[in-house]
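Observations on the model geometry
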Amino acid sequence: MSRPLLAMAAAAIVVACCFAACPVGAGASAGGFYDNFVVKWGTDPDPDRRVEIVDGGRLVTITLNNVSGAGFQSRDAFLFGEFTMEMKLVPGDSAGTVTTFYLTSKDPTAVGDGHDEIDFEFLGNVSGEPYLMQTNVFAQGVGGREQRSYLWFDPTEDFHNYTILWNPLNIIFSVDGVPVRVFRNHDANGVPYLTRQAMKVHATIWDGDTWATRGGRVKIDWAHAPFVASYGTYAASACVSAAGNGDQDGAPSAFCCPGDAPSWMARRLGPDGERAVAWARDKYMVMDYCDDPWNLGRPAECDMDSLASAV
């Protein structure tokens, strides 16, 4: 049995072992903001409160000003799942700002690295110019897998859905239901994949003007502050860690999976999904790590992905 198939089998074992012990609703988003999330930073000092919970938790705004940014994270940690966040980005001159929706296993108090992470990052721009959407994947501390694309709409005018599907086979990034990127499991060929560490969901806004807009050449204009990003409906179906982010050697502890987990646990891109990714790449991508913008050599998974998508 190949390593990817072993990973799939292990995931199935997690579902079988934990399903009966799962409380009703485990792994599925339900309730308001405080049922799913905790504020991580951005509430003090009180006159500069930067996280606002509105309409009973159906809307959350997070603010960047010249004191600090802001962010919140999920109460639970997950191993595999499908996560969707509605977002409306900072309008007007947002140059230098970074607004995010991502998953990470990283513990800020931990020594060393080796974390897993899946990123949606939105890089602000001067008024009238389009946002860049950056996606990235870290596996066992190895990142540098950035892709940058424009969007086919103005993400500041209304809410749009951004989805991360993460299962033992692949990670699929989608925008309003349209797949725009896939990162496949090539662990059997020596490319690290995200199967051992639980991750929490995060949403943040912060000052990235050393790099975010035109490589850091365009800085934040604080005269336009405060910069406010809005988060709407959050939907998730995911396997929940019973004890934090994993045990000491990084292996996941017990997990409980929701009843609909089989609908996404083995999902891959079909022909329509492959065509959607190709469309987004051809029309809107402006930077791909596979083209090696840093002159570090072409990563092995890039050619493996080309072969996989051609099958």
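Residues numbered from 1 in each chain as written. Predicted model: local features only at pLDDT ≥ 70, side-chain atom pairs only at ≥ 80, totals over all residues. Heavy atoms only, no water.

With that settled, consider the pattern of salt bridges. Using the criterion set out here, one finds eight salt bridges in the structure. The shortest N-O distance in the salt bridge between Asp55 and Arg58 comes to 3.0 Å. Taking the shortest distance from any N to any O, the salt bridge between Arg281 and Asp288 comes out at 2.5 Å. Here Asp288 falls in the buried class, since its relative accessible area comes to 3%. (Salt bridge = Lys/Arg side-chain N within 4 Å of Asp/Glu carboxyl O. Buried < 20%, exposed > 50% of the residue type's maximum accessible area, 1.4 Å probe, protein only.)

What follows covers the environment of Asp76. Structurally, the position occupied by Asp76 is in the loop between strand 4 (70-74) and strand 5 (78-88). In this view, Asp76 contacts Met199, Lys200 and Val240; residues no more than four positions away in its chain are not counted. (Helix = DSSP H or I, 4+ residues; strand = E, 2+ residues; numbered from the N terminus. Contact = heavy atoms within 4.5 Å.)

In this section: the UniProt feature "active site" (unreviewed entry) in the protein. This chain's UniProt record puts "active site" (unreviewed entry) on Glu117 and Glu121. Within the element layout of this structure, Glu117 appears in strand 7 (residues 117-123). Residue classification places Glu117 among the buried positions, given a relative accessible area of 13%. Leave out the neighbours within four places in its chain, and Glu117 touches Tyr102, Leu103, Thr104, Asn136, Val137, Phe138, Leu194 and Met199. A distance of 3.0 Å separates the side chain of Glu117 from the side chain of Thr104, its partner in a polar contact. Mapped onto the elements, Glu121 comes out in strand 7. When sequence neighbours within four positions are dropped, the list of residues in contact with Glu121 reads Val98, Thr99, Thr100, Leu132, Met133, Gln134, Trp206 and Trp211. (UniProt positions renumbered as here; feature names shortened; annotations may be inferred. Polar contact = N/O pair within 3.5 Å; in protein donor to acceptor, adjacent residues only side chain to side chain.)

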